[in-house]
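Survey of secondary and tertiary structure
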Amino acid sequence: DGKDLWISDWSTQTIYKHKIDSSLTLDKFFPMSDIPSVSLTWGDNALWTVGQDSNIRKHLLDGRLKVALVIRVADIAPSALAWDGKALWSCDSQARKIYRHIMDDNLTVSATYDFPGKNPVGMVWVGKDLWVADEGTGTLYRLKLENEVLTLAENVRPGVHLPGTNRLSGLTTDGKNLWTISEGNGLIFRHSFTTLRGG
């Protein structure tokens, strides 16, 4: 959100808000009973989550993250969300597609693109680049949007997420770095853009 690091934990059905300090101090946590969220993003003055039920939820910034809207987009099973400053994007692991949504009450799909990975678990916009974390391969895909065409620019496999190490399960940015998280061991990794390709 520009100030804090937000993490969604589907196993505890809780959303955590951390200060971005030397120890990532836990600031607040929000139990989400019966809402096992698998991905989240921040945008349009709200927090957006997608659950294992494939529903996308809009949460109010009211100190409780009250659910203001629940949307099921037909024929889409998203597992990652991102905000580009104007629109919400989702990525579907079953169809291996990326969708841009109109910000109406139905999140109508306005564009569809191919996803090169297997199991997207997080994605974030950095300028005109859409970074997508793929759990299946431990890879970060950088896709570039130009003239309404989304193309693969590069793929990076951080050393900390190589097969058999820390399972890649989330992605965000603070504008200067990419942040990834590993499921099962609670480890969070900060990657500067200049050193990311070195692992």
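Here's what I pulled together on the structure shown here. Counting restarts for each chain: residues are numbered from 1 in the order of the written sequence. Two thresholds apply to this predicted model, a pLDDT of at least 70 for residue-level local features and 80 or more for giving and counting side-chain atom pairs, whereas whole-chain, interface and lining totals are computed over all residues. Hydrogens and waters are ignored; side-chain quantities use all the structure's heavy atoms.

**Some words on the overall build of the protein chain**
In terms of helices and strands, the protein chain carries zero helices and 18 strands. Here the protein chain has a C-alpha radius of gyration of 16 Å; the compact-globule value for 199 residues is 16 Å, and the two agree. A principal-axis box enclosing the C-alpha atoms of the protein chain has dimensions of 40 × 40 × 30 Å. Each of the 199 residues in the protein chain was classed as buried or not, and the buried ones make up 48%. Nonlocal contacts in the protein chain, meaning residues at least 24 apart in sequence, comprise 35% of its contacts between residues at least 6 apart. As presented, the protein chain carries roughly 9,900 Å² of accessible surface, and 47% of it is formed by carbon and sulfur atoms. His residues and chain termini do not enter the charge count, which takes Lys and Arg as positive and Asp and Glu as negative. Charged side chains are reduced to one point each, which is NZ for Lys, CZ for Arg, CG for Asp and CD for Glu. Placing the 22 positive and 23 negative side-chain charges of the protein chain at their respective mean positions leaves the two points 3 Å apart. Comment: elements are numbered from the N terminus, with helices defined as DSSP H or I runs of at least four residues and strands as E runs of at least two. For a compact globule the rule gives 2.2 Å times the number of residues to the power 0.38, and the radius of gyration it is set against comes from C-alpha atoms. Only protein chains enter the area calculation, which uses a 1.4 Å probe; residues under 20% of their type maximum are buried, those over 50% are exposed, and those in between are partly exposed. Any pair of residues with heavy atoms lying within 4.5 Å of one another is described as a contacting pair. Computed with the Shrake-Rupley method and a 1.4 Å probe, the accessible areas treat only the protein chains shown as cover for residues.

**Some details on the nonpolar core**
As used in this record, nonpolar core signifies buried Ala, Val, Leu, Ile, Met, Phe, Trp, Tyr and Cys residues forming a set joined through side-chain atoms within 4.5 Å. Membership of the largest hydrophobic core comes to 17 residues, with the highest contact counts inside it found for W89, I98, M123, L130 and L150. Listing elements by their share of this core, those giving two or more residues are β8 (78-83), β9 (88-92), β11 (109-114), β12 (120-126), β13 (129-134) and β14 (139-146). The element that contributes the greatest number of residues to this core is β14, accounting for three residues. Counting twelve residues, the second-largest nonpolar core is a separate cluster that includes V50, L81, W83 and Y99.

**Quick look at the sheet that holds β14**
Strand order across the open sheet formed by four strands is β12-β13-β14-β15, with antiparallel pairing between neighbours. Looking along the sheet, the strands with just one partner apiece sit at the ends: β12 and β15 (149-156). On average, each strand axis in the sheet is inclined to that of its neighbour by 25 degrees, with strand direction left out of account. Any two strands with at least two DSSP-identified bridges between them are counted as paired. Sheet topology places β12 next to β13; six bridges connect them, and they run antiparallel. Bridging across to β13, V126 finds its partner in D129. Axis definition: a line fitted to C-alpha atoms, limited for helices to the stretch in contact. Angles are taken between N-to-C directions and run from 0 to 180 degrees.

**Quick look at the pattern of salt bridges**
Close approach of charged atoms lets side chains of opposite charge pair. Salt bridges are counted wherever a side-chain nitrogen of Lys or Arg sits within 4 Å of a carboxyl oxygen of Asp or Glu. What the rule picks out here adds up to eleven salt bridges. Salt-bridge contacts for K17 lead to D27; the nearest nitrogen and oxygen are separated by 3.7 Å. On the criterion of sequence distance, the pair formed by K17 in strand β2 (residues 14-19) and D27 in strand β3 (residues 26-31) is long-range, its members being ten residues apart. Accessibility expressed as a relative area gives 15% for K17, which makes it buried. D53 is paired through a salt bridge with R57; the nearest N and O atoms lie 2.7 Å apart. The class of D53 is partly exposed, set by a relative accessible area of 28%. The buried category is assigned to R57, whose relative accessible area is 8%. The structure contains a network of salt bridges with shared partners spanning D129, R142, K144 and E154.

**Regarding the packing of aromatic side chains**
Stacked, edge-to-face and tilted are the three classes for Phe, Tyr and Trp ring pairs, Trp counted by its six-membered ring, which pair at centre distances within 6.5 Å; planes under 30 degrees apart are stacked, over 60 edge-to-face, the rest tilted. In this structure the tally under the stated criterion is six aromatic pairs. Centroid distance W89 to Y113: 5.9 Å. Interplanar angle 15 degrees. Geometry classified as stacked. Here the residue W89 occupies a position in strand β9, and Y113 occupies one in strand β11, the gap between them amounting to 24 residues. On the basis of relative accessible area, W89 is assigned to the buried category, the value being 0%. Here the aromatic rings of F115 and Y141 are separated by 5.8 Å at their centres, their planes lie at 80 degrees, and the arrangement is edge-to-face. Of this pair, F115 sits in the loop between β11 and β12 while Y141 is found in strand β14, placing the two residues 26 residues apart along the sequence.

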